[in-house]
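Listed below are the residues making up each chain.
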Number of protein chains: 2
Amino acid sequence: MAAKPFAPVTSESIGDYLKAILELGGSEELRVTTKALAERLRVRTPSVTGMLQRLAAERPALVVYQKHHGVQLTAAGKRRAWELVRHHRLLELFLHDVLKYSWDEVHDEAERLEHFISERFEDRVAAILGDPEIDPHGHIIPHKYEAAACRDEVPLARWALQTPATISSVRDRDPAALREIERLGFMPGTGLVVERRNAASSLSVRIAGQADGMRISLDLAECIFVIAPAG
Amino acid sequence: MAAKPFAPVTSESIGDYLKAILELGGSEELRVTTKALAERLRVRTPSVTGMLQRLAAERPALVVYQKHHGVQLTAAGKRRAWELVRHHRLLELFLHDVLKYSWDEVHDEAERLEHFISERFEDRVAAILGDPEIDPHGHIIPHKYEAAACRDEVPLARWALQTPATISSVRDRDPAALREIERLGFMPGTGLVVERRNAASSLSVRIAGQADGMRISLDLAECIFVIAPAG
DNA sequence: ATATGAAATTAGGTTATCCTAATTCTGGCC
DNA sequence: GGCCAGAATTAGGATAACCTAATTTCATAT
Ligand SMILES: [Mn+2]
Ligand SMILES: [Mn+2]
Ligand SMILES: [Mn+2]
Ligand SMILES: [Mn+2]
């Protein structure tokens, strides 16, 4: 009766490891280090080593683990990680659009609930949102059973000067940064140009169609991702 | 900044124990036995004993535990248990009305999610549902920070013969029974009379305004709760 | 080729929650 | 008052997911 799930179901903890490996590995799927995982997950490195050994021993294996040389996700690990990313982004959009959360409130709630909703919940939320493509922070919502497409995003802090850019997404994990970004008007879809780098770790930026520019800290510019316009 | 929560936050497991003690104790708040808890929670009795000792040792204590003589909830335990009941019933109604779950699908999902939603989630769901009073099975949704009112419900199996009754609620835990109840038309609010008890563990029941009666099993009649009409 | 410091692993321990097997308590019945 | 069956508890152990302290490995810089 119960169909075999496409992606293995995991504990909350394992799910968080898989998602962290996915996100730290980037689109090139580089091997991720123990230390990077420990920092991201706020645990100590021996906890990471222990968990990686378990994930590699699982049948089917969720990661390829080479002692002292980091981990990568297997196909099974990737399936589960992308499923959680889909849950996360659908939940964020649902919390924002239906339950009227502000965009800085959605992340923490989604981060917890993504592990506990059923496939049915996922499907119904997608349905009432009209199979959405983009979450409140501009992130692409993967299709069911698929990895998300990926754009060539660059943090605003590394974008070339005097070159038009469009904001594609913003980091979702820092509520204070999100409030600041909203206050300044750097919403996904907005066009802008970086006019110069200032000594004081800040950037002078002008939003398309606005007369005067503004200064934002490099820290904040690391939270804003841009692409070439009109892609 | 973060206000002290009105009810202690608990693990999923502890929450399930507290809710089970609340529900098994009934409105008279009788002491609940180790065995009853073990059955309800599908764990072995030594697990229950161990957990009860922990709940009693917690500061503030969540239960009053007398070795060999069962447990009762303390005020703190009751607060948490009722909070979870509120979460559960709000979630069931939300899943049914907003996400279009059928009434036999809502229980299991709510049983899990009730432990993981935040106060904000609870409040927003209540708001979009218009501060509802009754869940899809006819159960009263407690107000925030309060125990639910309670009615003098009786299982249909124990209602006097030939005496008009109104269905107040139905048991929410058994999907197959719920589908049967729906098929037969025993929805909360429906009026009926029990015409007789038959030998074959069944009841002959006539729904108000319907010409002919029907037979339902005593098992099913244990899942349907009734009160005197027009209360 | 070797030394060294950062990164990673191993060793050993804790807590939460569950289990089985063994033991003890309790309430009713003669 | 003593016996018994069922209920409950204690004893001892497993597993998941953490931790600190000790040790090992790796990459690089002389
Ligand atoms: Mn998470
Ligand atoms: Mn997001
Ligand atoms: Mn539950
Ligand atoms: Mn219900």
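The structure we're discussing is the one just above.
Residues numbered from 1 in each chain as written. Chains lettered and ligands numbered in written order. Predicted model: local features only at pLDDT ≥ 70, side-chain atom pairs only at ≥ 80, totals over all residues. Heavy atoms only, no water.

1. Here's the deal with the interface of chain B and chain A
Consideration 1: Facing 18 residues of chain B, the contacting portion of chain A comprises 18 residues.
Consideration 2: Inspection of the chain B/chain A interface yields 2 salt bridges.
Consideration 3: For Glu-105 of chain A, the salt bridge identified is with Arg-120 of chain B, shortest N-O distance 3.1 Å.
Consideration 4: At the boundary of chain B and chain A, one finds 12 residue pairs in polar contact (both at pLDDT 80 or more).
Consideration 5: Among the secondary structure elements, those contributing two or more residues to the side of chain B that touches chain A are α4 (75-97), α5 (106-113) and α6 (119-128) of chain B.
Consideration 6: Considering each element in turn, the side of chain B that touches chain A owes the most residues, 5 residues, to α6 of chain B. (Contact = heavy atoms within 4.5 Å. Salt bridge = Lys/Arg side-chain N within 4 Å of Asp/Glu carboxyl O. Polar contact = N/O pair within 3.5 Å; in protein donor to acceptor, adjacent residues only side chain to side chain. Helix = DSSP H or I, 4+ residues; strand = E, 2+ residues; numbered from the N terminus.)

2. Describing the protein's contact with DNA strand C
Consideration 1: For DNA strand C, the set of nearby residues contains 21 residues, the closest of which are Gln-53, Tyr-65 and Lys-67 of chain A together with Ser-47 and Arg-54 of chain B.
Consideration 2: Expressed as a percentage, the sugar and phosphate content of the atoms of DNA strand C within 4 Å of the protein is 84%.
Consideration 3: Lys-67 of chain A places a polar side-chain atom, nitrogen or oxygen, 2.6 Å from a phosphate oxygen of DNA strand C.
Consideration 4: His-68 of chain A places a main-chain nitrogen or oxygen 3.0 Å from a phosphate oxygen of DNA strand C.
Consideration 5: Among the secondary structure elements, those contributing two or more residues to the surface near DNA strand C are α2 (34-41) and α3 (45-57) of chain A together with α1 (12-25) and α3 (45-57) of chain B. (Near = heavy atom within 4 Å.)

3. Some points on the protein's contact with DNA strand D
Consideration 1: Every one of the 21 residues lining DNA strand D counts as a neighbour, but Ser-47 and Arg-54 of chain A together with Gln-53, Tyr-65 and Lys-67 of chain B are closest to it.
Consideration 2: Sugar plus phosphate, as a fraction of atoms of DNA strand D within 4 Å of the protein: 84%.
Consideration 3: Backbone polar atom of Arg-44 of chain A to a phosphate oxygen of DNA strand D: 2.9 Å apart, as the coordinates give it.
Consideration 4: Within the side chain of Ser-47 of chain A, a nitrogen or oxygen atom sits 2.5 Å from a phosphate oxygen of DNA strand D.
Consideration 5: Taken together, the elements giving at least two residues each to the surface near DNA strand D come down to α1 (12-25) and α3 of chain A together with α2 (34-41) and α3 of chain B.
Consideration 6: Residues that form the surface near DNA strand D fall into these classes: 6 nonpolar, 11 polar and 4 charged. (Nonpolar A, V, L, I, M, F, W, Y, C, P; charged D, E, K, R; others polar.)

4. Brief notes about the packing of aromatic side chains
Consideration 1: Counted under the stated rule, the structure contains 6 aromatic pairs over all chains.
Consideration 2: A centroid spacing of 6.5 Å and a plane angle of 75 degrees characterise the contact between Phe-94 of chain B and Phe-121 of chain B, whose relative ring orientation is edge-to-face. Here the residue Phe-94 of chain B occupies a position in helix α4, and Phe-121 of chain B occupies one in helix α6, the gap between them amounting to 27 residues.
Consideration 3: A relative accessible area of 0% places Phe-94 of chain B in the buried class.
Consideration 4: Residue classification places Phe-121 of chain B among the buried positions, given a relative accessible area of 3%.
Consideration 5: One aromatic cluster in this structure is built from Phe-94 and Phe-121 of chain A together with Phe-94 and Phe-121 of chain B.
Consideration 6: The ring of Phe-6 of chain A carries the charged tip of Arg-79 of chain A above its face, separated from the ring centre by 5.0 Å. (Phe/Tyr/Trp six-rings, centres within 6.5 Å; stacked < 30°, edge-to-face > 60°. Buried < 20%, exposed > 50% of the residue type's maximum accessible area, 1.4 Å probe, protein only. Lys NZ or Arg CZ within 6 Å of the ring centre and 35° of its normal.)

5. Looking at the relation of the copies chain B and chain A
Each of the two chain copies can be brought onto the other by rotation about an axis and movement along it.
Consideration 1: Superposing chain B onto chain A requires a rotation of 180 degrees together with a translation of 0.0 Å along the rotation axis, leaving an RMSD of 0.0 Å. The operation mapping one copy onto its partner corresponds to a two-fold rotation axis.
Consideration 2: When you check the interface residues of chain B against chain A, 100% turn up at the interface there too, and the contact is symmetric in its surfaces. (Least-squares fit on C-alpha atoms with pLDDT ≥ 70 in both.)

6. Observations regarding the side chain of His-88 of chain A
Residue and element names in this part refer to chain A.
Consideration 1: With respect to the element layout, His-88 can be found in helix α4 (residues 75-97).
Consideration 2: On the basis of relative accessibility, which here comes to 5%, the residue His-88 falls in the buried class.
Consideration 3: A polar side-chain atom of His-88 sits 2.8 Å from a polar atom in the side chain of Glu-92.
Consideration 4: His-88 has contacts with Lys-19, His-107, Ala-110, Glu-111, Glu-114 and Asp-172, leaving out every residue within four places of it along the chain.

7. Let's talk about the coordination of the manganese ion (ligand 3)
Residue and element names in this part refer to chain B.
Consideration 1: Looking at the manganese ion (ligand 3), the protein donor atoms are Asp-16 (OD), Glu-111 (O), Glu-111 (OE), Glu-114 (OE) and His-115 (NE2), and they sit 2.3 to 2.7 Å from it.
Consideration 2: Counting the intervening residues between successive donors of the manganese ion (ligand 3) yields the motif D-x94-E-x2-E-H. Of this pair, Asp-16 sits in helix α1 while Glu-114 sits in the loop between α5 and α6, and the two are 98 residues apart along the sequence. (Donors = N, O, S within 2.8 Å, 3.2 Å for Na, K, Ca; no water.)

8. Some details on the coordination of the manganese ion (ligand 1)
Residues and elements named next belong to chain A.
Consideration 1: Within the protein, Asp-16 (OD), Glu-111 (O) and His-115 (NE2) serve as the donor atoms for the manganese ion (ligand 1), at 2.3 to 2.6 Å.
Consideration 2: Sequence spacing among the residues donating to the manganese ion (ligand 1) works out to D-x94-E-x3-H. One end of the pair, Asp-16, is in helix α1; the other, Glu-111, is in helix α5 (residues 106-113), and 95 residues separate them in sequence.

9. What to know about the pattern of salt bridges
Consideration 1: This model, assessed by the stated rule, comprises 34 salt bridges over all chains.
Consideration 2: The partner of Arg-112 of chain A in a salt bridge is Glu-109 of chain A, and the shortest N-O contact between them spans 3.6 Å. Separated by 3 residues within a single helix, Arg-112 of chain A and Glu-109 of chain A lie in helix α5, roughly one turn from each other.
Consideration 3: For Arg-112 of chain A, a relative accessible area of 28% puts it in the partly exposed group.
Consideration 4: Judged by its relative accessible area of 3%, Glu-109 of chain A is buried.
Consideration 5: We note a salt bridge from Glu-195 of chain B to Arg-206 of chain B, for which the minimum N-O separation is 3.0 Å. A residue pair is termed long-range when its members are at least 10 positions apart, and Glu-195 of chain B in strand β5 (residues 191-198) and Arg-206 of chain B in strand β6 (residues 202-207) qualify at 11 residues.
Consideration 6: Judged by relative accessible area, which is 26%, Arg-206 of chain B ranks as partly exposed.
Consideration 7: Where salt bridges share partners, they join Lys-19, Glu-111 and Glu-114 of chain A into one cluster.

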